[in-house]
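Residues per chain are reported as follows:
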Amino acid sequence: MRAAWLTSPQRPVRWLLSLGICAAMTAALALLRQQLNAPTVAVLYFLPVALSAALWGLSAGVVASAAAFLAFNFFFITPYYSLLVHQLQDLLTLIVFLGVAIFVSQIVGRARASQAAAEAREQEAVQLYELSTALARLRQREAIAALVAARLQTVLGADAVEVGLRSETDNPEQTVRRPDEASAPVTPPHWVVPLLTARNDLGEVRVWRLRQPLEAGEQRLLYTFTSQAALALEHASLEQAEVRSKVLEESDRLKTALLSSVSHELRTPLASIQAAVSSLRTGTVDWAASARAELLAMVEEEVVHLNRLVGNLLDMSRIEAGALRPQRQWNILADIVQGPLTRLRRAAENHHIVVAVPDDLPLVPVDHVLLDQVFTNLISNSLKYAPAGSTIRVSAEQTGDQTLRVQVRNQGPPVPLEHLGHIFDKFYRVWAADRVTGTGLGLSICKGIVEAHGGRIWAENQPDGFALTFTLPLAWEGHPPPQLPPEAEA
Amino acid sequence: MSAPLHILVIDDEPQILRALRTILGEKKFRVSTASRGEEGLALAAAQPPDVVILDLGLPDISGLEVCARLREWSQVPILVLSARENETDKVAALDRGADDYLTKPFGIEELLARIRVALRHSAQSQSPKSTLITAGPLQIDLAAHTVRRGGAEVRLTATEFRLLAYLAANAGRVLTHQSILSHVWGAPQADQVEYLRVYMRQLRKKLEEDPGQPNYLLTEPGVGYRFMTDS
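Given the structure is predicted, the values throughout are model-derived calculations rather than measurements. (Residues numbered from 1 in each chain as written. Chains lettered and ligands numbered in written order. Predicted model: local features only at pLDDT ≥ 70, side-chain atom pairs only at ≥ 80, totals over all residues. Heavy atoms only, no water.)

## Topic: the interface of chain B and chain A
Right, on to step 1. Counting from both sides, the interface comprises 28 residues of chain B and, opposite them, 30 residues of chain A.
Right, on to step 2. Summing both partners gives a buried area of about 2,500 Å² for chain B against chain A, and 49% of it is carried by carbon and sulfur.
Right, on to step 3. Counting the contacts that link chain B with chain A gives one salt bridge.
Right, on to step 4. In this structure, R204 of chain B engages D335 of chain A in a salt bridge whose closest nitrogen and oxygen atoms are separated by 3.2 Å.
Right, on to step 5. For the pair chain B and chain A, the interface holds six residue pairs in polar contact (both at pLDDT 80 or more).
Right, on to step 6. With eleven residues, helix α8 (residues 193-207) of chain B is the largest single contributor of residues to the side of chain B that touches chain A.
Right, on to step 7. When the residues that make up the side of chain B that touches chain A are grouped by side-chain class, the tally is eleven nonpolar, seven polar and ten charged. (Contact = heavy atoms within 4.5 Å. Buried area = accessible area lost by both parts, 1.4 Å probe. Salt bridge = Lys/Arg side-chain N within 4 Å of Asp/Glu carboxyl O. Polar contact = N/O pair within 3.5 Å; in protein donor to acceptor, adjacent residues only side chain to side chain. Helix = DSSP H or I, 4+ residues; strand = E, 2+ residues; numbered from the N terminus. Nonpolar A, V, L, I, M, F, W, Y, C, P; charged D, E, K, R; others polar.)

And the structure:
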């Protein structure tokens, strides 16, 4: 590094070097002594002086000036090989030479020093620029701290640099240290600089460098780096706060949508129930047995509907809150399909349901209750949209080593392409709400459950209808597939 | 007719108490009600009931605790009421001695059927058990270790028979995975539900007309199995 030449330990070396070139010059001039007069020699002696000052700084220039003055006097002023001077003219030459030589050294030396300082500042600017471009890409507090610690450690050649982050939420401060392998140094740090912004105290930067104290330039660099880091940290925390508030806003918007949808959905069945029950209770009308039965059946249907609605809302809120934790067990898929089929038997009176779920499929690690619900929702969905008399096909097959693919296919109308990608969204209805009853939650619950099991669900139009398909992984981390008991006859 | 059977309902919701008091009263049961767990336990001690209907969510002590404390001194059948989303509570209550469960909201026919099963089992535990169990075309002879379907003998493995016998002896009641596994296989296998599933599949193949839509060997999702005699 250029700046190292300025530091004191090498000064004697530089003086020796400048003495060396003076000696070389003297030797060269001595060979030509007969051809040269004193003024010419004086002019030529400026060469080693200027060169020393330029290469090794002011002090080397002065050393060269003194050496050249003595050598000039000793070898080239009569009487030779003595420092005596007889002629006034020679004395003047010598004095002027010494003055000019020192002056030249000073000028050249200063130029050199200011050039070195300029280079050092340029270097600093480059490092700062690199730091700020690198910081601009970072959003994580830990990443920012790690970057600053690593850069400072390199730039200062420090033994260790530690960035301690404070925040209101995590009480023990978070520390990032570079180099990584350094355990916490036992000595107190040699420098500590707080990470301050206009609003907050975000922590501090600690530097250990035993070898040598920080110079002014290095200290300046440390402070600049630290303030850059503080700015980046504050920026990151503001950005995170903004993201949080956006999430809150979004969830607020969803809640409003939910409330308006739910209050409508809740009131409709409540209205029918109230109408039916108050009709039955009025003493003025003598209802025929069939009319009574009809009204009561309506009440029961609406109650079932309300219960399903509330169940869906609960499931949805658990999925949204990330609280849906499947209670996995090794299950037989064919067993799971049974439940929904039995329960939907009455609702499915007008459809043919064909089940093609081989019972020799591998056991699948799923939550029975949740998967039951997926089948219930998918089959109910088909019952709602496919015309009476049509066939609904539930099938499953193993695809690849580790995946089961399950499909519920109906002969209902195709879903317009622009709706296909949205049918798993909450409250999304392809057809107007007055044509089909429902909450608009069934399919998004299926999606939540399937994804909680590590699967994927999608919808597609088929030549003769519409299909909802999902996959289930057969692997369950930490649980090897069970060894099944042998199926021996007694 | 003897004195009416006594049903104790422990639930903190006044509307449920009101409905059950009316409906069960109409069915000639004597109904007492409690809206807190401690109160229910005190009532059960003062006037031993024939059946307890117990809600799991009580304001003072949990339904699970009521269940456990009742079992310390009484074998009275306990029917647990629970909300749909609490599968684990249901299973926990059954494993602590409850006899059966109903998910709220429930139909009254369902409730009456469960009460009948519970009463039948508690009556049986006091008299010698019948060793012949019939369900549709199925005839299970627990003493002779034979199973007939429509008159023809069905060959079962020893494990299959033990499983069927345990389910059939508790006909109408739900049995948890844990309880079946420890009764049929013994303790070491008690967490290997997949064993149970495979054997149930085999039993259904041998006994059910349509193994995919069983009439007798029913699955209770997340809880266990139930053998139905009248369906």
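Structure shown, so let's carry the discussion forward.
## Brief notes about a nonpolar patch on the surface
Right, on to step 1. A cluster of nonpolar residues, L70, F74, Y80, Y81 and L83 of chain A, forms a patch on the protein surface that exposes about 470 Å² of accessible area.
Right, on to step 2. The topology assignment puts Y81 of chain A in the loop between α3 (58-76) and α4 (88-136). (Patch = residues over 30% accessible without salt bridge, like charges linked within 9 Å, V, L, I, M, F, W, Y side chains within 5 Å. Areas by Shrake-Rupley, 256 points an atom, 1.4 Å probe, with all protein chains shown as cover.)

## A word on the pattern of salt bridges
Pairing between side chains becomes possible if they bear opposite charge and their charged atoms approach one another.
All names here are of chain B.
Right, on to step 1. Scanning the model with the defined rule gives 24 salt bridges over all chains in all.
Right, on to step 2. When the shortest N-O distance is used, the salt bridge between E13 and K104 registers 3.2 Å. Remark: K104 occurs in the loop between β5 (100-103) and α5 (108-124) and E13 occurs in the loop between β1 (6-10) and α1 (14-26); sequence separation between them is 91 residues.
Right, on to step 3. Looking at E13, the relative accessible area reads 37%, which means it is partly exposed. (Buried < 20%, exposed > 50% of the residue type's maximum accessible area, 1.4 Å probe, protein only.)

## Describing the nonpolar core
All names here are of chain A.
Right, on to step 1. In terms of nonpolar packing, the biggest core is built from 57 residues, with L333, F375, L378 and F470 touching the most fellow members.
Right, on to step 2. When residues of this core are assigned to domains, at least three map to each of domain 2 (267-320) and domain 3 (329-473).
Right, on to step 3. In this structure L333 touches V357, L361, V364, F375, A396, L404, V406 and L472, once residues within four positions along its chain are discounted. (Core = buried A, V, L, I, M, F, W, Y, C linked by side-chain atoms within 4.5 Å. Domains from an automatic or database assignment.)

## Details of the environment of I336 of chain A
Residue and element names in this part refer to chain A.
Right, on to step 1. Positionally, I336 belongs in helix α8 (residues 333-343).
Right, on to step 2. Assessed through its relative accessible area of 0%, I336 is described here as buried.
Right, on to step 3. C-alpha of I336 to C-alpha of L370: the two residues are 34 residues apart in sequence and 9.7 Å apart in space.

## Regarding the pairing of strand β1 (residues 160-165) of chain A
Residues and elements named next belong to chain A.
Right, on to step 1. The element β1 is extensively covered by neighbouring structure, given that six of its six residues are classed as buried.
Right, on to step 2. Residues A160, E162 and G164 line one face of β1 and the alternating positions V161, V163 and L165 line the opposite face, and both faces are buried.
Right, on to step 3. By the bridge criterion, five bridges tie β1 to strand β2 (residues 174-178) in an arrangement that is antiparallel. Each bridged residue has a counterpart across the sheet, and for L165 the counterpart in β2 is Q174. (Pairing = 2+ DSSP bridges.)

## A look at the domain arrangement of chain A
Right, on to step 1. Domain boundaries assigned for chain A yield domain 1 (2-121), domain 2 (267-320) and domain 3 (329-473).
Right, on to step 2. Here domain 1 of chain A and domain 2 of chain A have C-alpha centroids that lie 112 Å from each other.

## A look at the domain arrangement of chain B
All names here are of chain B.
Right, on to step 1. We note that the domain assignment places domain 1 (6-124) and domain 2 (132-227) within chain B.
Right, on to step 2. Taken together, the contacts link twelve residues of domain 1 with 13 residues of domain 2.
Right, on to step 3. Overall, the association of domain 1 and domain 2 removes approximately 990 Å² of surface from exposure, summing both partners, and the carbon and sulfur fraction of that is 49%.
Right, on to step 4. Contact with domain 2 buries area across many residues of domain 1, yet D99, Y101 and H121 alone supply 40% of it, more than any other trio.
Right, on to step 5. Across the domain 1-domain 2 interface, the total number found is two salt bridges.
Right, on to step 6. Where D99 meets R173, a salt bridge forms, and the shortest distance between an N and an O atom there is 2.7 Å.
Right, on to step 7. At the junction of domain 1 and domain 2, the tally comes to five residue pairs in polar contact (both at pLDDT 80 or more).
Right, on to step 8. It is helix α4 (residues 87-95) that provides the largest number of residues to the side of domain 1 that touches domain 2, a total of five residues.
Right, on to step 9. Considered class by class, the residues forming the side of domain 1 that touches domain 2 number four nonpolar, one polar and seven charged.

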